[in-house]
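Structural characterization, general
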Amino acid sequence: MSTDYDESVDLTEIAKADSATCQSCITRLAFTCAKRLTGVDLESSGLINWTGESEESQSVGPFLIGVAGGSASGKTTVCNKIIQGLGDRRCVMIALDWFYKGLEDEQDASSYNFDHPDSLDFELLSLCLEMLIRGQSTEVPCYDFSTHKRLPVKRLISPGEVVIIEGILTFYPIDIRSMLHLKIFVDEDPDTCLCRRIRRDVSSRGRTIESVLAQYEKFVKPSYEEFIAPTKRYADIIVPRGAENLVAIDLVIKHIALKLSQPDLRRLYPNLVIMGDNPQIQGLHSVFRDREASREDFIFHADRLIRLIAEEGLSLLPFQQSFVYTPTGDVYHGFKYSAELASVSIMRGGDAMEAGLRAVCKNISIGKMLIAKDPLDPSSERKVIYCKLPSELSRKHVFLLDPILGTGKTAVKAVEELLRRGCIESQIIILSLVTSSEGVRFCFEHFPQLKLVTSAVDHLHVSQSRVVPGLGEFADRYFGT
Ligand SMILES: Nc1ncnc2c1ncn2[C@@H]1O[C@H](COP(=O)(O)OP(=O)(O)O)[C@@H](O)[C@H]1O
Ligand SMILES: Nc1ccn([C@@H]2O[C@H](COP(=O)(O)O)[C@@H](O)[C@H]2O)c(=O)n1
Ligand SMILES: [Mg+2]
């Protein structure tokens, strides 16, 4: 094959690029080659909507774990066990200790509080983590505990599938905390921590017993109480007895392995249900996404899918144990829903989901909401134009019907209105046939407690105006308008 590629694609650029740039270069190269070989410009033909950028927006990046806890509680030891348990997964561990600002020559270590948040360079840590999240290598500082200074060298850290950041104040700054997908607090008896710290600091950090005890009384203990212990409430998991707690460590390893097995947005958003992983669902999509499908086929297959999505939504409702007598006079022990349910359709697309929903939830009361931008000002914010809701929503679970969730802005506006009218965030379940990954992120960034059931996650076209590959205007195709 000729190497006569378009000059705008520089192969040396690919060789030295980070993964995102590299992907984008390779995409351009692929488009160029295809155009040379076939004469068809795939990029502008509309046959392919994939671009390096949009693929990047689908990527969920590394799984970020934060480990916090008192000094010498066993954080580093717990992290090492987790990494060991993950086997050949590529894990990267970052110690908060590397980000100590260090002392100036004139500063006296015995009167400096190394347990205060101001002693750490969280800004630099944040930049390093952002690079790892983008799949890029990053340089981290090296710190010398015996001189209390940064060394004049840096260490290059390559990106990994799992990134663990461990340190006493990992959960303290909100920007670091909000990046984390799993937060673990190691909780150890303070006497045990002190004994371990004396041993460790004397043997490997160049301290005397007296200096460790003086620092402990003056700074370590008070700062633990003021800054570290209060961050325990941000933890998803509290591990008592640190590295001894093999059951907790095993559960954590299993949880991470499960998350790594989810290559999509479910890894980040536990309240996201995607039902599209099987041929049955994909078979339905193959009919109603087809632009040649007749209206009759479109409605039939869309209704089938809406029924399945509604059933999935029902499975998220709370239930309680119940029993019935069977015709044989015996008792059958089962369950019944313990929640009242209502629904709200976002007009006009949501209206087209009502028949499918009613086939599953016979007498459900359905409200309506019309949300739109000012037609004379397309850059304006979305507004609620019309809203008629079922009664007593505050004690009900609500299915919010939005067949195609694009930017997510309409859905978010609808959720805001529902909350304003008394709904509870965790009781709102969005039912959507097709979503974009960008829309999913937008919804969960605004409302992490809500639930979202969809049968496919596409992506937003660069123009932001449509979901691709998508299925066109759902309501127009459904109502034949
Ligand atoms: N469960 C344990 N039993 C005995 N020693 C431990 C245990 N966990 C940690 N240590 C020791 O205690 C010291 C501090 O542990 P480390 O994991 O470095 O704590 P941290 O990172 O929280 O400061 C280390 O010398 C380590 O080997
Ligand atoms: N120059 C320094 C810097 C930090 N410390 C102490 O280290 C502790 C944090 O490290 P862990 O591994 O124990 O989490 C912290 O409590 C600081 O007091 C220090 O002594 N000297
Ligand atoms: Mg440590």
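Since the model is a prediction, treat every value here as computed from it, not as a measurement.

In the vicinity of ligand 1, the residues found are Gly70, Ser71, Ala72, Ser73, Gly74, Lys75, Thr76, Thr77, Glu166, Arg196, Arg200 and Glu244. For ligand 1, an oxygen atom lies 3.2 Å from a polar atom in the backbone of Ser73. Measuring from an oxygen atom of ligand 1, one finds a side-chain N or O atom of Thr76 at 2.7 Å. Taken by itself ligand 1 offers 550 Å² of open surface, and the protein chains cover 67% of this. Elements that contribute at least two residues to the shell around ligand 1 include exactly α5 (75-85) and α8 (190-204). The greatest single-element share of the shell around ligand 1, amounting to three residues, is contributed by α5. In terms of residue class, the shell around ligand 1 is made up of one nonpolar, six polar and five charged.

Compared with the 28 Å implied by 1.5 Å per residue over 20 residues, the 23 Å span of helix α9 (residues 209-228) between its first and last C-alpha is markedly short. Among all positions in α9, only Val212, Gln215, Tyr216, Phe219, Val220, Ser223, Phe227 and Ile228 are buried. As for α9, its buried residues are in contact with β1 (63-69), β6 (182-187) and α8.

Before going further, it helps to spend a moment on the sheet that holds strand β15 (residues 404-405). What the four strands build is an open sheet, ordered β15-β17-β19-β20; its pairing is mixed. This sheet does not close on itself; its edge strands, each paired only once, are β15 and β20 (467-468). Pairing analysis gives two bridges linking strand β17 (residues 434-436) to strand β19 (residues 457-460), with the strands arranged parallel. By the bridge assignment, Ser436 is partnered in β19 with Asp458. Across the face of the sheet, helix α15 (residues 437-446) comes into contact with β15, β17 and β19 while running at roughly 80 degrees to β17.

Mapped onto this structure's residue numbering, the UniProt feature "domain: Phosphoribosyltransferase" (unreviewed entry) falls at residues 277-481. The span residues 277-481 is 31% helical and 30% strand by assignment, and the distance between its end C-alpha atoms comes to 31 Å.

If you walk through the whole model with that rule in mind, you get zero disulfides. Considering cysteine sulfurs only, Cys423 is the nearest to Cys443, which forms no disulfide, with 15 Å between them. Judged by its relative accessible area of 1%, Cys443 falls in the buried class.

Bringing the side chain of Asp115 into the picture now. Mapped onto the secondary structure, Asp115 falls in the loop between β2 (91-95) and α6 (122-133). The buried charged residue Asp115 lacks any salt bridge, with Arg197 as its nearest oppositely charged partner at 4.5 Å. If sequence neighbours within four positions are ignored, Asp115 has contacts with Ile168, Leu169, Gln215, Phe219, Val220, Ser223 and Phe227.

With respect to spatial proximity, 17 residues lie near ligand 2, and among them Ser71, Asp115, Tyr143, Arg197 and Arg200 are the closest. Arg200 is positioned with one of its side-chain polar atoms (N or O) 2.8 Å from an oxygen atom of ligand 2. Here a nitrogen atom of ligand 2 sits 2.8 Å away from a polar atom, N or O, in the side chain of Arg207. Relative to its unbound accessible area of 470 Å², ligand 2 is 99% covered by the protein chains. For the shell around ligand 2, the secondary structure elements donating two or more residues are α8 and α9. Of the residues in the shell around ligand 2, the class split is seven nonpolar, three polar and seven charged.

Inspection of the secondary structure assignment puts Ser211 in helix α9. Each C-alpha atom of the pair Ser211 and Ser110 lies 7.8 Å from the other, and the pair is 101 residues apart in sequence. Engagement of the side chain of Ser211 in a polar contact is seen with the backbone oxygen of Thr208, the distance being 3.0 Å.

Here the UniProt feature "domain: Phosphoribulokinase/uridine kinase" (unreviewed entry) sits at residues 64-247. Each end of residues 64-247 is marked by a C-alpha atom, and these two atoms are 21 Å apart; helix forms 35% of the span and strand 23%.

The seven strands lie next to each other as β8-β18-β16-β14-β11-β12-β13, forming an open sheet whose pairing is mixed. The strands lining the two open edges of the sheet, one partner per strand, are β8 (272-274) and β13 (383-388). Averaged over all pairs of adjacent strands, the angle between strand axes in this sheet comes to 20 degrees, irrespective of strand direction. Strand direction decides the pairing type here: β8 and strand β18 (residues 451-454), joined by three bridges, are parallel. Pairing of Ile274 across the sheet is with Thr454, part of β18.

Parameters and conventions
- Residues numbered from 1 in each chain as written.
- Chains lettered and ligands numbered in written order.
- Predicted model: local features only at pLDDT ≥ 70, side-chain atom pairs only at ≥ 80, totals over all residues.
- Heavy atoms only, no water.
- Near = heavy atom within 4 Å.
- Polar contact = N/O pair within 3.5 Å; in protein donor to acceptor, adjacent residues only side chain to side chain.
- Areas by Shrake-Rupley, 256 points an atom, 1.4 Å probe, with all protein chains shown as cover.
- Helix = DSSP H or I, 4+ residues; strand = E, 2+ residues; numbered from the N terminus.
- Nonpolar A, V, L, I, M, F, W, Y, C, P; charged D, E, K, R; others polar.
- Expected span 1.5 Å × (residues − 1).
- Buried < 20%, exposed > 50% of the residue type's maximum accessible area, 1.4 Å probe, protein only.
- Contact = heavy atoms within 4.5 Å.
- Pairing = 2+ DSSP bridges.
- Axes fitted to C-alpha atoms, helices over the stretch in contact; angles between N-to-C directions.
- UniProt positions renumbered as here; feature names shortened; annotations may be inferred.
- Disulfide = S-S within 2.5 Å.
- Lys, Arg positive; Asp, Glu negative; His and termini not counted.
- Salt bridge = Lys/Arg side-chain N within 4 Å of Asp/Glu carboxyl O.

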